[in-house]
Amino acid sequence: MQPVFHLSLSVGDLAETEAFYTATLGARVGRRTEHWIDLWLFGAQVTAYGRPKAVIPAPYRNAQHFGATVAWDDWTALSERLAANAVDFRLAPTVDEARGAAKMILADPDGYLVELKAYRDPATLGRPIPSS
């Protein structure tokens, strides 16, 4: 089995969080109870716990974010779809042609920031070389 990155967030409203991540970002719902839900997003598992009093308040969460690096064509299609749906961008879709890099940042219903990036040349991602 390949490792799966997992992130856990406290959220104010599970239904609102589920709607955002599934409808806006294309997440799939995994396991769920009345108190939490697993969302599969870009190959990672995001678990949202309904704990309104535990949501990190602004401005403390403003520097915190999570995200994914996706294929260039996927990023382009996603950025166009999100812009057409008036998503709350904190950084509008931006392409740096000189570096062949693209980036956007949006906020979920609790204000958690989601950064989505892409590189024309995936080799510039700078992944560590696996040891043999």
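Keep in mind that what you see is a predicted model, and the values were worked out from it rather than measured.

Participant: Got a minute to help me understand the overall build of the protein in this structure?
Facilitator: From N to C terminus, the protein includes two helices and eight strands. The C-alpha atoms of the protein give 16 Å as radius of gyration, which agrees with the globular expectation for 132 residues (14 Å, within 12%). Taken along its principal axes, the extent of the C-alpha atoms in the protein is 45 × 40 × 25 Å. For the protein, buried positions account for 38% of its 132 residues. Sequence separation of at least 24 residues holds for 51% of the intrachain contacts in the protein that already meet a minimum separation of 6. When the accessible surface of the protein is split by element, carbon and sulfur atoms take 54% of a total near 8,200 Å².

Participant: Is there a simple way to think about the packing of aromatic side chains in this case?
Facilitator: Geometry of an aromatic ring pair is reported as the spacing of the ring centres plus the angle between the planes. Evaluation of the coordinates by the stated rule reveals two aromatic pairs. Look at Phe-20 and Tyr-21: their rings are 4.9 Å apart centre to centre, the planes differ by 90°, and that puts the pair in the edge-to-face class. The same class applies to Phe-20 as to Tyr-21, namely buried. With a centroid separation of 6.5 Å and 35° between ring planes, the pair formed by Trp-72 and Trp-75 is classed as tilted. With Trp-72 and Trp-75 both in helix α2 (residues 72–84), this residue pair falls three residues apart, about one helical turn. Across this residue pair, the class does not change: Trp-72 and Trp-75 are buried. The ring of Tyr-49 carries Arg-51 above its face, with NZ or CZ at 4.6 Å from the centroid.

Participant: Please clarify how the pattern of salt bridges should be interpreted in this entry.
Facilitator: This model, assessed by the stated rule, comprises six salt bridges. Arg-32 is paired through a salt bridge with Glu-18; the nearest N and O atoms lie 2.3 Å apart. Taken together, the residues Arg-32 in strand β2 (residues 28–32) and Glu-18 in helix α1 (residues 14–24) connect sequence positions 14 residues apart. Notably, a salt bridge pairs Arg-120 with Glu-97, separated by 3.0 Å at the nearest N-O pair. With Arg-120 in the segment after β8 (113–119) and Glu-97 in the loop between β6 (89–96) and β7 (101–107), this pair connects stretches of sequence that are 23 residues apart. For Arg-120, a relative accessible area of 45% corresponds to the partly exposed category.

Participant: Looking at this structure, how should I read the layout of surface pockets?
Facilitator: Where empty space is left becomes clear once a probe the size of a water molecule has been rolled over the atoms. The calculated volume of the largest pocket comes to roughly 420 Å³. Taken together, 16 residues form the lining of the largest pocket, with Phe-42, Ala-44, Gly-67, Ala-68 and Thr-69 sitting closest to its centre. For the lining of the largest pocket, the elements supplying multiple residues, two or more each, are β4 (44–50) and β5 (65–69). It is β5 that provides the largest number of residues to the lining of the largest pocket, a total of four residues. Residues belonging to the lining of the largest pocket are distributed by class as follows: 12 nonpolar, three polar and one charged.

Participant: I'm lost on the sheet that holds β8 in this one. Help?
Facilitator: Strand pairing in a sheet relies on backbone hydrogen bonds, with the paired strands running either antiparallel or parallel. One open sheet holds the four strands; their spatial order is β5-β8-β7-β6, and the pairing between them is mixed. At either margin of the open sheet sits one strand with a lone partner, and together these are β5 and β6. For this sheet, the mean angle separating the axes of adjacent strands, direction not counted, is 15°. As paired elements, β5 and β8 share five bridges and run parallel to each other. Across the sheet, the residue bridging to Phe-66 is Val-114, located in β8.

Each value, and the rule that gives it
- Residues numbered from 1 in each chain as written.
- Predicted model: local features only at pLDDT ≥ 70, side-chain atom pairs only at ≥ 80, totals over all residues.
- Heavy atoms only, no water.
- Helix = DSSP H or I, 4+ residues; strand = E, 2+ residues; numbered from the N terminus.
- Rg over C-alpha atoms; globule rule 2.2 N^0.38 Å.
- Buried < 20%, exposed > 50% of the residue type's maximum accessible area, 1.4 Å probe, protein only.
- Contact = heavy atoms within 4.5 Å.
- Areas by Shrake-Rupley, 256 points an atom, 1.4 Å probe, with all protein chains shown as cover.
- Phe/Tyr/Trp six-rings, centres within 6.5 Å; stacked < 30°, edge-to-face > 60°.
- Lys NZ or Arg CZ within 6 Å of the ring centre and 35° of its normal.
- Salt bridge = Lys/Arg side-chain N within 4 Å of Asp/Glu carboxyl O.
- 1 Å grid on protein atoms, 1.4 Å probe; cavity = no way out; pocket = protein on both sides within 12 Å on 5 of 7 lines; lining within 4 Å.
- Points joined across faces, edges and corners; volume = space filled by probe spheres on them.
- Nonpolar A, V, L, I, M, F, W, Y, C, P; charged D, E, K, R; others polar.
- Pairing = 2+ DSSP bridges.
- Axes fitted to C-alpha atoms, helices over the stretch in contact; angles between N-to-C directions.

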